[in-house]
Amino acid sequence: DRAAAGRGVALIARVWPTPLVVALCLGLALSNAIRAPVLVAAALVAVAGVAVAAPPVRVAACALAFVLAGWWWGSARLDAIDVSLLRPEIGRSAEVTAIVTGPVRRSSFALRLPAQVRRFDGRAVRERVLLELPLGRSPPQGAILALRATVAAPRAPEDGFDERGWLARRGVHVVLRGRDWRTVGHRGGVGGLSDRIRAHVAHAIAPALEGERRAVLAGIVLGEDEGLTEELRDDFKASGLYHLLAVSGQNITFLALGVLGLAWLLGIPRLAAEVGAIAAIGGYVLAVGWQPSVVR
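Residues numbered from 1 in each chain as written. Predicted model: local features only at pLDDT ≥ 70, side-chain atom pairs only at ≥ 80, totals over all residues. Heavy atoms only, no water.

Participant: Explain the overall build of the protein chain here, please?
Facilitator: Of regular secondary structure, the protein chain possesses 11 helices and 6 strands. Taking all contacts inside the protein chain whose residues are at least 6 apart in sequence as the whole, residues at least 24 apart take part in 65%. In the form shown here, the protein chain has an accessible surface area of approximately 17,600 Å², with 65% of it arising from carbon and sulfur atoms. (Helix = DSSP H or I, 4+ residues; strand = E, 2+ residues; numbered from the N terminus. Contact = heavy atoms within 4.5 Å. Areas by Shrake-Rupley, 256 points an atom, 1.4 Å probe, with all protein chains shown as cover.)

This is the structure we're talking about:
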């Protein structure tokens, strides 16, 4: 029995990465159902100590520690997403400084774009919002805008779509309806690098094409549909091909296969080709943003 138990522990030890990853995912999933209490942090420290000090139960203790770590981490992230400093300001108008963090979506009545507020009425704020601007020229991704805006609540559920819930799951709790915006700068750091890569890719897409043909390619490669007319969007939806205008894992697959195929044709060693593919994927993710479909 002891020999069998020893062989079982050895088998678990050889495949330990899989149960630990599964344990972490279970903890993250648990945080969606129940928020972790404060005592979870203390329990995590205690279990981690057992995992270090007691070899016979090390694998089980490590798995439990990963469950607790995922539960605590997921709960902390959800708590952070639920916090909103601008929600009490609904109905109020003030001077705002915000950074455009994603591509513009053009509706029939306004420009809608994801943004992060940095200052509201002279106060330092760091909160995600949905910014609505009048129809017209659109600010580029990464631009720092100064404008006058009114804080509004997201639309209530209608026609089967819950905008309020959809935005809340992305950490957005208010809509800013602005006007008379002006660009006062551009963000730097990793975000600025992402903006430059995106601008370079957008400029390199079929430079000889213009109009809707270029807009379709921009939608396929970068997931932006700003240049498409309502009629063309309706045609894509009616044909069941609208998903082609959204960035997905399919784009990542094509990119990786393209890099690996080119490396094979050029006789580049496999390790270097794989590193190149990973680098290309990293650059593409920076260009299109950390969308769930891309991250998966």
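Moving on from the model shown.
Participant: Looking at this model, I keep getting lost on the environment of H173. Mind explaining?
Facilitator: Mapped onto the elements of the fold, H173 is located in the loop between helix 5 (163-168) and strand 6 (175-186). The spacing of H173 and S84 is 89 residues in sequence and 6.7 Å in space, taken between C-alpha atoms. In contact with H173, not counting residues within four places along its chain, are I81, D82, V83, S84, R87, R128, P154 and A168. In terms of polar contacts, H173 uses its side chain to reach the backbone carbonyl oxygen of I81, at 2.5 Å. Polar contacts involving the side chain of H173 include one to the side chain of R87, which spans 2.8 Å. (Polar contact = N/O pair within 3.5 Å; in protein donor to acceptor, adjacent residues only side chain to side chain.)

Participant: Would you explain the pattern of salt bridges in this entry?
Facilitator: Proximity of charged atoms lets side chains of opposite charge pair with each other. Scanning all chains against the criterion turns up 11 salt bridges. D121 is the partner of R92 in a salt bridge, and the nearest nitrogen-oxygen pair spans 2.1 Å. Here D121 lies in the loop between strand 3 (111-120) and strand 4 (123-133) and R92 lies in the loop between helix 4 (58-82) and strand 1 (93-100), a separation of 29 residues in the sequence. The network of salt bridges with shared partners includes R112, E132, R155, E163 and R177. (Salt bridge = Lys/Arg side-chain N within 4 Å of Asp/Glu carboxyl O.)

Participant: In this structure, what is going on with helix 10 (residues 270-288)? I would like to understand it.
Facilitator: Residues three or four positions apart in an α-helix share a direction because the helix packs 3.6 residues into each turn. Between its first and last C-alpha, helix 10 extends 27 Å over 19 residues, near the 27 Å set by a 1.5 Å rise per residue. Considering only its buried residues, helix 10 is in contact with helix 6 (189-204), helix 7 (211-222), helix 9 (249-266) and helix 11 (292-295). Once helix 10 ends, the next one or two residues include G289, with phi positive near 95°. (Expected span 1.5 Å × (residues − 1).)

Participant: Can you help me understand a nonpolar patch on the surface in this one?
Facilitator: Taken together, L262, W264, L265, L266 and I268 make up a surface patch of nonpolar side chains, about 620 Å² in accessible area. Its place among the elements puts L266 in helix 9. Here L266 falls in the exposed class, since its relative accessible area comes to 59%. (Patch = residues over 30% accessible without salt bridge, like charges linked within 9 Å, V, L, I, M, F, W, Y side chains within 5 Å. Buried < 20%, exposed > 50% of the residue type's maximum accessible area, 1.4 Å probe, protein only.)

Participant: Would you take a moment to explain the side chain of R198 for this structure?
Facilitator: With respect to the element layout, R198 can be found in helix 6. Given the relative accessible area of 6%, R198 is considered buried. For R198, the side chain forms a polar contact with the main-chain oxygen of A287, separated by 2.9 Å.

Participant: What exactly am I supposed to notice about the pairing of strand 4 here?
Facilitator: The two faces of the sheet receive side chains in turn, since in a regular strand these alternate between them. Summarising the sheet, strand 3 and strand 4 pair through 9 bridges and their orientation is antiparallel. Considered in strand 4, the bridge of F120 is made with R123. Count of turn residues in the strand 3/strand 4 antiparallel hairpin: 2 residues, of which D121 carries a positive phi of about 55°. With 3 bridges joining them, strand 4 and strand 6 adopt parallel strand pairing. From the neighbouring strand, L130 faces strand 6, where its bridge partner is V175. (Pairing = 2+ DSSP bridges.)

Participant: I'm lost on the environment of V117 in this one. Help?
Facilitator: Summarising the element assignment, V117 is placed in strand 3. Remark: the alpha-carbon pair of V117 and R128, spanning 11 residues in sequence, is separated by 6.4 Å. Ignoring anything within four residues of it in the chain, the contact list for V117 reads L86, V96, T97, A98, V125, R126, E127, V129 and L176.

Participant: Any chance you could explain helix 7 here in plain terms?
Facilitator: Between its first and last C-alpha atoms helix 7 spans 16 Å; for 12 residues at 1.5 Å apiece the expected length is 16 Å, and the two agree. Of all the residues in helix 7, the buried ones are A215, V216, A218, G219 and L222. Along the long axis of helix 7, the arc covered by the buried residues comes to 165°, so they all point the same way. At its buried positions, helix 7 is contacted by helix 6, helix 8 (230-238) and helix 10. In the segment just after helix 7, G223 is the residue with positive phi, at about 75°. (Arc of directions from axis to C-beta.)

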